Amino acid sequence: MKALLLGLWAITVALGASYAVAFVETPAKVDAAAGKPALESQKTRVINVPIVAGGAVRGFIVAQFAYTTEAGKMKTLSVSPEVFLLDEAFRTIYADDKLDFLHLDKYDISGLTKRLVTATNARLGEPVVHDVLVQDFTFISREENER
């Protein structure tokens, strides 16, 4: 009789542990050293932004970004932040009068990424994107593109 009760107890414990692992939602991962939530990174697709000067297309800015969000946060969103991030990037680069396509080394990339974080989070209605990183930011002239 004791062996039967011990077997039933072991089965109950195993099933309870399986249930807890499968169905109980675990809290977001936290970096124990800093007390901050763990972040995960996502890459965006590449965008091409036309650069118009003097009434003609002079070339394209080819850009790709990466962004960080809290681990697991992407699963709770109905729309990916990438959609808003790329739209904001396109609008910002296209409308920026300070952008000198001949001297991209002087472009304020830090300011661009901060604006993208702020604008994307504003459109999402909550602070989802923690940081935006530049993967690629290149100007390709119209002449180079036609080759």
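That block above? That's the structure.
Residues numbered from 1 in each chain as written. Predicted model: local features only at pLDDT ≥ 70, side-chain atom pairs only at ≥ 80, totals over all residues. Heavy atoms only, no water.

S.K.: Describe in detail the packing of helix H2 (residues 81-95) against helix H3 (residues 109-124), supporting the description with residues and values.
M.R.: Between H2 and H3, whose axes approach to 9 Å, the crossing angle comes to 130°. In this view, H2 runs oblique relative to H3, as classed from their interaxial angle. For the pair H2 and H3, the sense of crossing is right-handed. Residue-level inspection shows Pro81, Phe84, Leu85, Asp87, Glu88, Ala89, Arg91, Thr92 and Ile93 of H2 in contact with H3, the latter providing Leu112, Arg115, Leu116, Ala119, Thr120, Arg123 and Leu124. Here the residues of the contact of H2 with H3 sort into 9 nonpolar, 2 polar and 5 charged. (Axes fitted to C-alpha atoms, helices over the stretch in contact; angles between N-to-C directions. Helix = DSSP H or I, 4+ residues; strand = E, 2+ residues; numbered from the N terminus. Parallel < 35°, antiparallel > 145°, perpendicular 65-115°, else oblique. Left-handed = near helix turned anticlockwise from the far one by under 90°. Contact = heavy atoms within 4.5 Å. Nonpolar A, V, L, I, M, F, W, Y, C, P; charged D, E, K, R; others polar.)

S.K.: Outline the side chain of Ser141, supporting the account with residue identities and numerical values.
M.R.: Turning to its location among the elements, Ser141 is positioned in strand S6 (residues 131-141). By relative accessible area, Ser141 is classed as buried at 13%. Among residues more than four places away in sequence, those in contact with Ser141 are Arg58 and Gly59. (Buried < 20%, exposed > 50% of the residue type's maximum accessible area, 1.4 Å probe, protein only.)

S.K.: Explain H2 residue by residue, including any values.
M.R.: Think of an α-helix as 3.6 residues a turn; residues three or four steps apart then line up on the same face. For H2, which comprises 15 residues, the first-to-last C-alpha distance of 21 Å matches the rise-based estimate of 21 Å (1.5 Å per residue) to within 8%. Of the positions making up H2, those classed as buried are Pro81, Glu82, Phe84, Leu85, Leu86, Glu88, Ala89, Thr92 and Ile93. (Expected span 1.5 Å × (residues − 1).)

S.K.: Tell me what's going on with the packing of aromatic side chains, and back it up with residues and numbers.
M.R.: Taken as a whole and judged by the stated rule, the model has 1 aromatic pair. Judged by centre distance (6.0 Å) and plane angle (10°), the ring pair of Phe90 and Tyr94 falls under stacked. Taken together, the residues Phe90 and Tyr94, both in helix H2 and 4 residues apart, mark about one turn of the helix. We classify Tyr94 as partly exposed; its relative accessible area is 47%. (Phe/Tyr/Trp six-rings, centres within 6.5 Å; stacked < 30°, edge-to-face > 60°.)

S.K.: Residues and numbers for the side chain of Thr44, please.
M.R.: Topologically, Thr44 is positioned in the loop between strand S3 (39-43) and strand S4 (47-53). By relative accessible area, Thr44 is classed as buried at 3%. Ignoring any residue separated from it by four or fewer positions in sequence, one finds Thr44 in contact with Gln64, Phe65, Tyr67, Glu82, Leu85 and Leu86.

S.K.: Help me get a handle on the nonpolar core, residues and values and all.
M.R.: With 20 residues, the main nonpolar core has Ile61, Phe65, Ile93 and Val132 as its most contacted residues. Taken together, the elements giving at least two residues each to this core come down to S4, strand S5 (56-70), H2, H3 and S6. (Core = buried A, V, L, I, M, F, W, Y, C linked by side-chain atoms within 4.5 Å.)

S.K.: Give a description of the pattern of salt bridges that names residues and reports values.
M.R.: Pairing of side chains with opposite charge becomes possible as their charged atoms draw close. Going through the model one piece at a time under the given rule, you end up with 4 salt bridges. A salt bridge links Glu88 to Arg123; the nearest nitrogen and oxygen atoms lie 2.8 Å apart. Taken together, the positions of Glu88 in helix H2 and Arg123 in helix H3 put the pair 35 residues apart, joining distant regions of the chain. Owing to a relative accessible area of 14%, Glu88 belongs among the buried residues under this scheme. Look at Arg123 and you get partly exposed, because its relative accessible area is 38%. (Salt bridge = Lys/Arg side-chain N within 4 Å of Asp/Glu carboxyl O.)

S.K.: Would you mind going over H3 in detail, with residue names and values included?
M.R.: Compared with an ideal rise of 1.5 Å per residue, which puts 16 residues at 22 Å, H3 spans 22 Å between its outermost C-alpha atoms and is within 8% of the ideal. Listed as buried for H3 are Gly111, Leu112, Thr113, Leu116, Val117, Ala119, Thr120, Asn121 and Leu124. Against S5, H2 and S6 lie the buried residues of H3.

S.K.: Help me get a handle on the pairing of S4, residues and values and all.
M.R.: The sheet contact formed by S4 and S5 spans 7 bridges and is antiparallel. Each bridged residue has a counterpart across the sheet, and for Ala53 the counterpart in S5 is Ala56. (Pairing = 2+ DSSP bridges.)

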